[in-house]
Amino acid sequence: MKKMKYVLVTGGVVSGLGKGVTASSIGLLLKECGLRVTSIKIDPYLNKDAGTMSPFEHGEVFVLDDGGEVDLDLGNYERFLDVQLTSDNNITTGKIYQFVLDKERKGDYLGKTVQVVPHITDAIQEWIERVAMIPVDGKEGPADVCVIELGGTIGDIESMPFIEALGQFSCRVGVGNFCLIHVSLVPVLNVVGEQKTKPTQHSVRGLRGLGLAPNILACRSTMALDDNVKEKLSQFCHVSAEHIITLYDVPNIWHIPLLLRDQKAHEAIFKVLNLPCITEEPSLMEWTTRAAICDKLHEPVRIAIVGKYTGLSDTYLSILKALLHASFACGKKLIVDWVPASDLEDMTEIENLDAYKAAWKLLKSADGVLVPGGFGDRGVQGKILAAKHARENRIPFLGICLGMQIAVIEFARSVLGLKDANSTEFDPNTRNPCVIFMPEGSKTHKGGTMRLGSRRTYFQVSDCKSVKLYGNRRFIDERHRHRYEVNPDMVARLENAGLSFTGKDQTGQRMEIIELPDHPYYIGVQFHPEFKSRPGKPSALFLGLIGAACGQLNAVLQPGLESQEKVKCETVNCPSNKNPNQNGYATKPTNIITDAVYSYCNGVHS
């Protein structure tokens, strides 16, 4: 049986250096070399999972197929590697301690004193080894390499048990099976313009003092490291200069894997992991093309995101990525206008007129409107006003989770004339409850009690935009995260007034998709389609929103997307000739998703 190889990514100096994107890019690079890759994220906080944490503190809660509420970096792993992870791929202090305490209560430790070392540290190592063997790419058997990201920065007190466990783990798996990549900051002082190595030196010294020695340094900086800076880091950090990589500022994150490839990061990793048999060079052709196109897009498409957490973009990270994937597919430059939902409300007009006018100006100038999910009543009235504006002015609209619920509430108020129509989440005593607490939900426990994970939606209408966007399939599987849902007792009245419920669950009692048939694009969904969007494979509903916003919806909805036509580029190694046939032609699907690649090709070589 082959031995698993492990790549550990740690961070130093400051948080927010992009360890998640770095770990994802490393995984992608190894995958492009022909290896099968899996990922684990370690979060040292005491919470069992990210489900009950504030978006302002933690950013987005990413939801997996199995219902796991996990750190947003697992979203990066899934998007970069195109894999389906499980909740066990996210390790937290809470999970580890609960696991150990449950064993202690059962008497598994035979009366021993349960301690951080060895019981907690052993549990961490056993968890890593067990989860690393679970295939996540749809193939049988374990992966070749497991990329582990340790959250936080070296020196954090809550990370200490994990550092100790990983130090023991490196000895346990042996030399040649463990590679440590330390992501650190090399700041440039504006006063003198000099790249300063001291923060990284201290960070590596701290790491060594805890029993771990980095094999590779990935240095974040505004520009590429000077050779003398690399030599200095090599001398003081005991890392070969060839194993010091610069992750300098780039226009978009799709350049990061290319930076790693160009600096031969994969060769350094192979050397540490004793993988000389790997000969396949990572071409990353699609990523190269994608990064180049993204930099050159200039025709804008403006999407207004109307939410309550607009001050922190990480709260809507997967939504931003899904919009980016879709706008790239349509050949447009995405411009997101953040509209604080509460700023659209009448009270803001009284208290802060400038903020009110600014919010409405952004909303009215947008090509499309997106209302994302959320919890709590702050800003709900503003979201309702945004949905009404989009409905009445025929502006493309996509409502997700709460966004769908407020669209139903707005329709009931404006079209049915039910002025007090509401969700029982916001008004428990409403006489017209359009949205109700789901029957099996818990009102006493918050963590893990929502309707979570991948659930099936069956289309009820054969001729509607959503079914066409999904390729005329009979059903779809998308990820959910909600406690409230549309009241089935109200559905008949809403449908009679013109609101179409085009998607329902297998019982027919849960409303999953709404549409306005006579609107250019007005769709609401109870699920979260953003979680399954991928670069090159954008979410269908986001593609529809962007397509409608830039006048390309008919092209997105057109039948025969898989029909083929022949195109040719005379330039050697052009992306459009990735798989030429015997006549030198590439087979190109007549699909809007690929048009941007070929128009880029023509623009470069014309």
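Before reading further, recall that the structure is shown in the block above.
Predicted model only: the values in this text are computed from it and were never measured. Sequence order sets the numbering: in each chain, residues are counted from 1 along the sequence as written. Thresholds applied to this predicted model are a pLDDT of at least 70 for local features of residues and 80 or more for the giving and counting of side-chain atom pairs; totals over whole chains, interfaces and linings are not thresholded and use all residues. To obtain the side-chain values, all non-hydrogen atoms of the structure were used and water was disregarded.

Colleague: Honestly, the overall build of the protein in this entry has me stumped. Any pointers?
Modeller: Each helix is a run of H or I in the DSSP string that is no shorter than four residues. Each strand is a run of E no shorter than two, and both are numbered from the N terminus. Across its full length, the protein carries 21 helices and 25 strands. The cut-offs for exposure are 20% and 50% of the maximum accessible area for each residue type, with area from a 1.4 Å probe on protein chains only; residues under the lower value are buried, those over the upper are exposed, and the others partly exposed. The buried share of the protein, reckoned over its 606 residues, is 57%. Should any heavy atoms of two residues lie within 4.5 Å, those residues are counted as being in contact. Considering only contacts in the protein between residues 6 or more positions apart, those separated by 24 or more positions represent 72%. To measure how exposed things are, a 1.4 Å probe is used in the Shrake-Rupley method; for residues, cover is taken only from the protein chains shown. By element, 50% of the accessible surface of the protein is carried by carbon and sulfur atoms, the whole surface being about 25,700 Å².

Colleague: What should I look at first to understand the pattern of salt bridges in this one?
Modeller: Any two side chains of opposite charge can pair, so long as their charged atoms come close to each other. Criterion for a salt bridge: a side-chain nitrogen of Lys or Arg within 4 Å of a carboxyl oxygen of Asp or Glu. Enumeration over the complete set of coordinates arrives at 28 salt bridges. Of the charged contacts in the structure, one is a salt bridge between aspartate 82 and arginine 534, with a shortest N-O distance of 3.4 Å. Within this pair, whereas aspartate 82 is found in the loop between α3 (73-81) and β5 (90-92), its partner arginine 534 is found in the loop between β23 (522-525) and α19 (540-549), the two being separated by 452 residues in sequence. Among the salt bridges present, the one from lysine 537 reaches aspartate 82, with a minimum N-O distance of 2.9 Å.

Colleague: Would you explain the side chain of glutamate 478 in this entry?
Modeller: Summarising the element assignment, glutamate 478 is placed in strand β19 (residues 475-482). At 2.7 Å, the side chain of glutamate 478 and the side chain of tyrosine 470 are in polar contact. With residues near it in sequence (within four places) discarded, glutamate 478 still touches Gly453, Ser454, Arg455, Tyr470, Phe527, His528, Pro529 and Lys532. For the purposes of these results, a polar contact is taken to be a pair of N or O atoms within 3.5 Å, where, inside protein, one atom must be able to donate a hydrogen and its partner to accept one; residues adjacent in sequence count only when each atom of the pair is a side-chain atom.

Colleague: Which parts of the structure should I look at to understand a negative patch on the surface?
Modeller: Patch building starts from residues that exceed 30% relative accessible area and form no salt bridge, then joins like charges within 9 Å and nonpolar side chains (Val, Leu, Ile, Met, Phe, Trp, Tyr) within 5 Å. We score Asp and Glu as negative and Lys and Arg as positive, and we do not count His or the chain ends. By convention, the point assigned to a charge is CZ for Arg, NZ for Lys, CD for Glu and CG for Asp. A cluster of acidic residues, Asp226, Asp227, Glu231 and Glu242, forms a negative patch at the surface. Here aspartate 226 shows up in the loop between β10 (216-221) and α8 (227-237). The exposure class of aspartate 226 is partly exposed, given its relative accessible area of 40%.

Colleague: Quick question: what am I supposed to make of the nonpolar core here?
Modeller: Generally speaking, nonpolar side chains in soluble globular proteins are found buried as a group. Residues enter a nonpolar core if they are buried and are Ala, Val, Leu, Ile, Met, Phe, Trp, Tyr or Cys, with the set joined through side-chain atoms within 4.5 Å. Ranked by size, the top nonpolar core spans 52 residues in total, and within it Val7, Ile26, Leu30, Cys179, Ile181, Leu260 and Ile269 carry the most contacts. If one sorts the elements of this core by residue count, helix α1 (residues 19-32) sits on top with 6 residues. Each domain's extent is set by a domain assignment, obtained either automatically or from a database. Residue contributions to this core reach at least three from each of two domains, namely domain 1 (5-292) and domain 2 (297-557). Apart from the residues within four sequence positions on either side, leucine 30 is in contact with Val7, Leu35, Val37, Val145, Ile269 and Phe270. Judged by nonpolar contacts, the second largest core, of 44 residues, contains Val339, Val369, Ile406 and Ala412.

Colleague: Explain empty space enclosed by the protein to me, please; I cannot follow it from the model alone.
Modeller: Put simply, the grid is 1 Å and covers the protein atoms alone, a cavity is a trapped set of points that fit a 1.4 Å probe, a pocket is an open set with protein on both sides within 12 Å along at least five of seven lines, and lining residues have an atom within 4 Å of a point. Grid points are joined across faces, edges and corners, and a volume is the space filled by probe spheres set on the points. Scanning all chains against the criterion turns up 4 cavities of 30 Å³ or more. By volume, the largest cavity amounts to about 60 Å³. Around the largest cavity, the lining residues are Gly374, Phe375, Cys401, Leu402, Gln405, Glu425, Arg481, His482, Arg483 and Tyr484. Elements supplying a minimum of two residues to the lining of the largest cavity: α16 (402-414) and β19. Size it by volume and the second largest cavity reaches roughly 50 Å³.

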